[in-house]
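Results of the structural survey
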Amino acid sequence: MSKADLMRFDYNVLPARVIFGAGRRVEVPAELERLGIERALVITTADQSTVCAEFGAMINERLGALYPGAVMHTPTAVTESAMRQMEQMKCDGLLAIGGGSSIGLAKAIAYRTDLPQLVVPTTYAGSEMTSILGQTEQGRKTTLRSPKVLPETVVYDPELTLTLPAAITGPSGMNAIAHAVEALYAKDGNPVVSLMAEESIRALGESLPRLVTDGKDLAARETALYGSWLAGICLGAVAMAIHHKICHTLGGSFDLNHADVHCLMIPYTAAYNRSAAPNAMAAVGRALRTQDAPGALYDLMKTVGRIHSLAAMGLGLADLEQAADLAVENPYHNPRPVTRDGVLEMLAAAYEGRRPAN
Ligand code: NAD
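Rules used throughout
Residues numbered from 1 in each chain as written. Predicted model: local features only at pLDDT ≥ 70, side-chain atom pairs only at ≥ 80, totals over all residues. Heavy atoms only, no water. Helix = DSSP H or I, 4+ residues; strand = E, 2+ residues; numbered from the N terminus. Rg over C-alpha atoms; globule rule 2.2 N^0.38 Å. Areas by Shrake-Rupley, 256 points an atom, 1.4 Å probe, with all protein chains shown as cover. Expected span 1.5 Å × (residues − 1). Buried < 20%, exposed > 50% of the residue type's maximum accessible area, 1.4 Å probe, protein only. Contact = heavy atoms within 4.5 Å. Pairing = 2+ DSSP bridges. Axes fitted to C-alpha atoms, helices over the stretch in contact; angles between N-to-C directions. Parallel < 35°, antiparallel > 145°, perpendicular 65-115°, else oblique. Left-handed = near helix turned anticlockwise from the far one by under 90°. Nonpolar A, V, L, I, M, F, W, Y, C, P; charged D, E, K, R; others polar.

Here the focus is the overall build of the protein chain. Of regular secondary structure, the protein chain possesses 13 helices and eight strands. Relative to the compact-globule value of 21 Å for 358 residues, the protein chain shows a C-alpha radius of gyration of 20 Å, a close match. As displayed, the protein chain offers around 15,200 Å² of accessible surface, 51% of which is attributable to carbon and sulfur atoms.

Turning our eyes to something else, we now look at helix α11 (residues 293-304). In this model α11 runs 16 Å from its N-terminal to its C-terminal C-alpha over 12 residues, within 8% of the 16 Å that 1.5 Å per residue would give. With nine of its 12 residues buried, α11 lies for the most part within the structure. Listed as buried for α11 are A293, P294, G295, A296, L297, Y298, L300, M301 and V304. Residues of α11 that are buried sit in contact with α5 (166-183), α6 (191-213), α9 (258-273) and α10 (278-288).

Taking strand neighbours across the sheet as the criterion, the six strands line up as β1-β8-β5-β4-β2-β3 in an open arrangement whose pairing is parallel. In this open sheet, the two edge strands, each paired with only one partner strand, are β1 (17-20) and β3 (63-70). Sheet twist, expressed as the average angle between the axes of neighbouring strands with direction ignored, equals 15°. Looking at chain direction, strand β4 (residues 93-98) and strand β5 (residues 117-121) are connected through five bridges and run parallel. Paired with L95 across the two strands is L118, which belongs to β5. Where helix α7 (residues 218-237) meets the sheet, its contacts fall on β1 and β8 (153-156), and the angle it forms with β1 comes to roughly 170°.

So, on to the packing of helix α1 (residues 28-35) against helix α2 (residues 49-59). Relative orientation of the contacting elements α1 and α2 amounts to 65°, with a least axis distance of 9 Å. It follows from the interaxial angle that α1 and α2 lie roughly perpendicular. For the pair α1 and α2, the crossing hand works out as right-handed. Side by side, α1 and α2 meet where V28, P29 and L32 of the first sit next to F55, M58 and I59 of the second. Considering only residue class, the contact of α1 with α2 consists of six nonpolar, no polar and no charged.

This part is about the packing of α5 against helix α8 (residues 242-254). Two measures define how a pair of helices packs: the angle their axes make with one another and the distance between the axes. The geometry of α5 relative to α8 is characterised by a closest axis approach of 9 Å and an angle of 140° between their N-to-C directions. On the basis of their axis angle, the class for α5 and α8 is oblique. In this structure, α5 contributes A178, H179 and E182 to the contact, and α8 contributes I242, H243 and H244.

Pasting the structure below:
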């Protein structure tokens, strides 16, 4: 065995208190107390304003104010408006219920105030497990990392995901799978994160097809939320590569839905790295019971995804050129070197929604 074959890794996982289980949202008041939060700002999107009011009623005397105004990509103007309400009502902590948009707003406020956060995720985006904050100002999205944005406590209650429509369930779950796939070839990967990543892909690969036919299947909801939790840990623990870079570029430059882009692109980015990351592909293959990991991701994308090509997302051929330029602008680690021609070829396949070549 040569030295290059021997194990060598760093292991860093972010601290978090996680409470998982159907019905466990009833423990939210006790968890607020544990965090010392006496007047919580309850954050959701407008679509989840009923859930916002329900949580407001449940936490009763610990309610500071309701803020059902979170939106995707965390615009700073929304953060400032929520903070004004928070200050008026003398809130001393944050309770976010929802997907990455609600959680993003709580993180943006915590970044500015260092207030404690209790988060109740209801999609599979995984933001709750990371110290990453993406924010948009004047149409430009920037990302930062800070320990201040990591939620202190996360309550996962699969019952809250029963209402997630199939059109969001599938893409959001594929967004989680994308975190796990990239964790398997991360430059700072380690064996524990790889175990979590493989298990995450197995759990989501098994549950998502069931959920797009029956969104009320609580056992499948539980499995999917478990898989997304693991994927979130992976995202928070190790560096992502071409997949996240290209989705960030496409989403930010062409205002595309976050989860839909991740869902569409993961077969293509996996195909891009296929020969450069054989161990990662073998792990994805074990998780999805296949020899052809990008092919299996493509089949999953077709089964559970909402939009199956970049053309159907409204992109034109000239946009692909622009996206390829942006994708190679700042060099970053990826198993296979990121070249403009390579990226363009990958985007052309995704544009047509073609099955990745084996
Ligand atoms: P989202 O939070 O916008 O939710 C999508 C839609 O689903 C919203 O309209 C929401 O109201 C609705 N919804 C959520 N849960 C529901 C439920 N259980 N039932 C019915 N409807 C429900 O979308 P998302 O994909 O979860 O998050 C995307 C955002 O999160 C993006 O801004 C992205 O950049 C960010 N994100 C950040 C990180 C990070 O680590 N910082 C990680 C992943 C995603």
